[in-house]
Amino acid sequence: GAVVSQHPSWVICKSGTSVKIECRSLDFQATTMFWYRQFPKQSLMLMATSNEGSKATYEQGVEKDKFLINHASLTLSTLTVTSAHPEDSSFYICSAYRPDRGYGYTFGSGTRLTVV
Amino acid sequence: QQQVKQSPQSLIVQKGGIPIINCAYENTAFDYFPWYQQFPGKGPALLIAIRPDVSEKKEGRFTISFNKSAKQFSLHIMDSQPGDSATYFCAASTENSGYALNFGKGTSLLVTP
């Protein structure tokens, strides 16, 4: 079946540093990748949509200069949290969309980011 | 703005019971309605999904009921087990929103032995 490998699964970083999260589609080409953020006991909130080879589309209220998304290939999308602050601590999840599967979505296993 | 409203927020049932989780939406352009199960520290996993051209879909112990006129859909879990204890999210999407999933707020289900 379709698999999206997300790394790292957890990361602790100091305030002011940057963290990169990778999502790789292992056995299919992900033309579209969605990035979500989930705070404890809350729902998944869409941060941005990225399409291979083009700039990401960010949801209202999400700082594009802080959350850099790159989707340079059909199998890799990355989210870089720049100048991280404690309030950026959250669970980040990617989801690849497969139009060839008619509304097929494959989620990564998530990344727990803690900024200290 | 929450485009998909989910209730209840939490639910406790005994083993063998049938928990029912409800969702409502306003955007009539939505044409895909999935349910996801999420365990702590994990990404959501698809349970079952439905399109608006059918009123019910069953897969194993999970059933979706869909009422297009009322713009509501629900998840029923038959013969619930303690292992079903998790958070459940309904969602909806449409081509108009770039196929992004709009999630409900989630329901925390506890199935007691």
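Just above sits the structure.
The sections below set out a description of the structure shown in this document. The model shown is predicted, which means the values in this text are computed figures rather than measured ones. (Residues numbered from 1 in each chain as written. Chains lettered and ligands numbered in written order. Predicted model: local features only at pLDDT ≥ 70, side-chain atom pairs only at ≥ 80, totals over all residues. Heavy atoms only, no water.)

Considerations on the overall build of chain A
Along its length, chain A carries 0 helices and 11 strands. What you see in chain A, going N to C, is helices and strands ordered as β-β-β-β-β-β-β-β-β-β-β. For 116 residues, the compact-globule estimate of 2.2 N^0.38 gives 13 Å, and chain A sits close to it at 13 Å. Across its three principal axes, chain A shows a C-alpha extent of roughly 40 × 25 × 20 Å. When the 116 residues of chain A are sorted by exposure, 50% land in the buried category. Excluding contacts between residues fewer than 6 apart, the proportion of contacts in chain A whose partners are at least 24 apart in sequence is 53%. Roughly 5700 Å² of accessible area belongs to chain A as shown, and the carbon and sulfur atoms make up 52% of that amount. One finds the centroid of the 11 positive side-chain charges in chain A at a distance of 4 Å from the centroid of its 9 negative side-chain charges. (Helix = DSSP H or I, 4+ residues; strand = E, 2+ residues; numbered from the N terminus. Rg over C-alpha atoms; globule rule 2.2 N^0.38 Å. Buried < 20%, exposed > 50% of the residue type's maximum accessible area, 1.4 Å probe, protein only. Contact = heavy atoms within 4.5 Å. Areas by Shrake-Rupley, 256 points an atom, 1.4 Å probe, with all protein chains shown as cover. Lys, Arg positive; Asp, Glu negative; His and termini not counted. Charge placed at Lys NZ, Arg CZ, Asp CG, Glu CD.)

Considering the nonpolar core
Side chains of a nonpolar character, in soluble globular proteins, are inclined to be buried together. If you look at the biggest cluster of nonpolar residues, it comprises 24 residues, and the most contacted ones within it are M33, W35, F67, L79, Y92 and L113 of chain A. For this core, the elements supplying multiple residues, two or more each, are β2 (10-13), β3 (19-25), β4 (32-38), β5 (44-51), β7 (67-73), β8 (76-81), β9 (90-98) and β11 (111-115) of chain A. The next biggest cluster of nonpolar side chains, apart from the first, holds 23 residues, and it includes V13, I64, Y88 and A92 of chain B. (Core = buried A, V, L, I, M, F, W, Y, C linked by side-chain atoms within 4.5 Å.)

Thoughts on the packing of aromatic side chains
All names here are of chain B. Under the criterion given, the structure shown has 19 aromatic pairs over all chains. Plain terms: the ring middles of W35 and F73 are 5.7 Å apart, the flat faces sit at 65 degrees to each other, and that makes the pair edge-to-face. On the criterion of sequence distance, the pair formed by W35 in strand β4 (residues 33-38) and F73 in strand β8 (residues 72-77) is long-range, its members being 38 residues apart. A single burial state applies to W35 and to F73, both of which are buried. Among the aromatic side chains, those forming a connected cluster through ring pairs are Y25, F30, F33, W35, F66 and F73. (Phe/Tyr/Trp six-rings, centres within 6.5 Å; stacked < 30°, edge-to-face > 60°.)

What about the side chain of S90 of chain A?
Mapped onto the elements, S90 of chain A comes out in strand β9. In terms of polar contacts, S90 of chain A uses its side chain to reach the backbone carbonyl oxygen of Q38 of chain A, at 2.9 Å. (Polar contact = N/O pair within 3.5 Å; in protein donor to acceptor, adjacent residues only side chain to side chain.)

A few points about the side chain of S93 of chain B
Looking at the secondary structure, you find S93 of chain B in the loop between β9 (86-92) and β10 (102-103). Take S93 of chain B: its relative accessible area is 0%, and that puts it in the buried class.

Looking at the pattern of salt bridges
Residue and element names in this part refer to chain A. Applying the stated criterion to the full structure yields 5 salt bridges over all chains. In this structure, R24 engages E22 in a salt bridge whose closest nitrogen and oxygen atoms are separated by 3.6 Å. R24 sits in the partly exposed class, given a relative accessible area of 37%. Overall, the relative accessible area of 27% leaves E22 in the partly exposed class. (Salt bridge = Lys/Arg side-chain N within 4 Å of Asp/Glu carboxyl O.)

Section: the state of the cysteines
Working definition: the covalent bond between the sulfur atoms of two cysteines is a disulfide. Tallying each qualifying case throughout the model produces 2 disulfides over all chains. The disulfide bridge from C23 of chain B ends at C90 of chain B, spanning 1.8 Å between sulfur atoms. Its S-S torsion of about -90 degrees marks the bond between C23 of chain B and C90 of chain B as left-handed, since a negative value means left-handed. Separated by 67 residues along the polypeptide, C23 of chain B in strand β3 (residues 20-25) and C90 of chain B in strand β9 bring together distant segments of the chain. C13 of chain A takes part in no disulfide bond, and the closest cysteine sulfur, belonging to C23 of chain A, lies 17 Å away. Owing to a relative accessible area of 8%, C13 of chain A belongs among the buried residues under this scheme. (Disulfide = S-S within 2.5 Å.)

Some words on a nonpolar patch on the surface
Residues and elements named next belong to chain A. A cluster of nonpolar side chains, contributed by W10, I12 and V116, occupies part of the molecular surface with about 370 Å² of accessible area. The residue W10 is located in strand β2 in this model. W10 sits in the exposed class, given a relative accessible area of 58%. (Patch = residues over 30% accessible without salt bridge, like charges linked within 9 Å, V, L, I, M, F, W, Y side chains within 5 Å.)

Description of the pairing of β4 of chain A
All names here are of chain A. Within β4, 7 of the 7 residues are buried, leaving the element largely enclosed by the surrounding structure. By the alternation rule, side chains of β4 split into T32, F34, Y36 and Q38 and M33, W35 and R37, which are all buried. Relative to β5, β4 runs antiparallel, the two sharing 7 bridges. Note on β5: the bridge partner recorded for Y36 is L46. From the end of β4 to the start of β5, which pair antiparallel, there are 5 residues, and K41 there has a positive phi angle of about 60 degrees. Pairing analysis gives 7 bridges linking β4 to β9, with the strands arranged antiparallel. By the bridge assignment for β9, F34 is matched with S95. (Pairing = 2+ DSSP bridges.)

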